[in-house]
Amino acid sequence: MSFDASQAALIAQGVYGVVWLIELDFTSGTVYLSTHGDTLSIGGHDYAAGGHIITVGTLKEKAGTSTEKVALSIPTNPAYTSLTLGNVEGYRGRAARLKLILLDSNFQPVGTPKLRLNATMEPVSIQRNPAKEGESSGKIEMRLSREGLDRSRKLDGLRLTD
């Protein structure tokens, strides 16, 4: 991954943070999320604050056609739950992007976001943690497949001619 001059200078100082910017293209519109504690306005979009409750699984970058999927976990709040439950056609196979941006010591974004993954969304699973007292908690887990690779794998074992 290559960094611009401002990001390279920040890395040389050794004091920086890293935030994921998540873009999910639902049929009802694109949802912008981040792993930052505050809403970030970048490139004309407001990335909603998710903080530590949004997690991005391990993303391995290597040459070749990796079939690994990245797990994205978002909280079960009504806005996100209504997008994913009951309307699989509203997101399945649609685009998702994961970008990284660096933060300076004042928690301000530096440079332009770096695209790390172009993917497609797969059906979600809901994980619930019932509480004995008070409110229960849970999360929505969505798998992201590298764009183009999930389609090519579906042809394995199919006869393409008679």
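Please read all numbers here as calculations on a predicted model, not as lab measurements. (Residues numbered from 1 in each chain as written. Predicted model: local features only at pLDDT ≥ 70, side-chain atom pairs only at ≥ 80, totals over all residues. Heavy atoms only, no water.)

Caption draft 1: Inspection of the nonpolar core at higher detail. Core analysis: the biggest nonpolar cluster contains 23 residues, and I22, L24, L72, L98, M121 and L144 have the highest contact counts within it. If you list the elements that add at least two residues to this core, you get β1 (17-26), β2 (29-34), β6 (69-75), β7 (95-103), β8 (109-129) and β9 (137-146). In this view, L72 contacts I22, L24, I54, T55, V56, I140, E141, M142 and L144; residues no more than four positions away in its chain are not counted. Residues Y32, L40, Y47 and L103 belong to the second largest nonpolar core, which totals 8 residues. (Core = buried A, V, L, I, M, F, W, Y, C linked by side-chain atoms within 4.5 Å. Buried < 20%, exposed > 50% of the residue type's maximum accessible area, 1.4 Å probe, protein only. Helix = DSSP H or I, 4+ residues; strand = E, 2+ residues; numbered from the N terminus. Contact = heavy atoms within 4.5 Å.)

Caption draft 2: Spotlight on unusual backbone geometry. Backbone geometry at F107 places phi at a positive 65°, although glycine is not the residue there. Note that F107 resides in the loop between β7 and β8.

Caption draft 3: Focus on the pairing of β6. Summarising burial for β6: 6 of the 7 residues are buried, a large majority. As judged from the 2 bridges shared by strand β5 (residues 55-56) and β6, these two strands associate in the antiparallel manner. Following the sheet pairing, V56 is matched in β6 by L72. With 7 bridges joining them, β6 and β9 adopt antiparallel strand pairing. For L72, the partnering residue across the bridge sits in β9 and is M142. (Pairing = 2+ DSSP bridges.)

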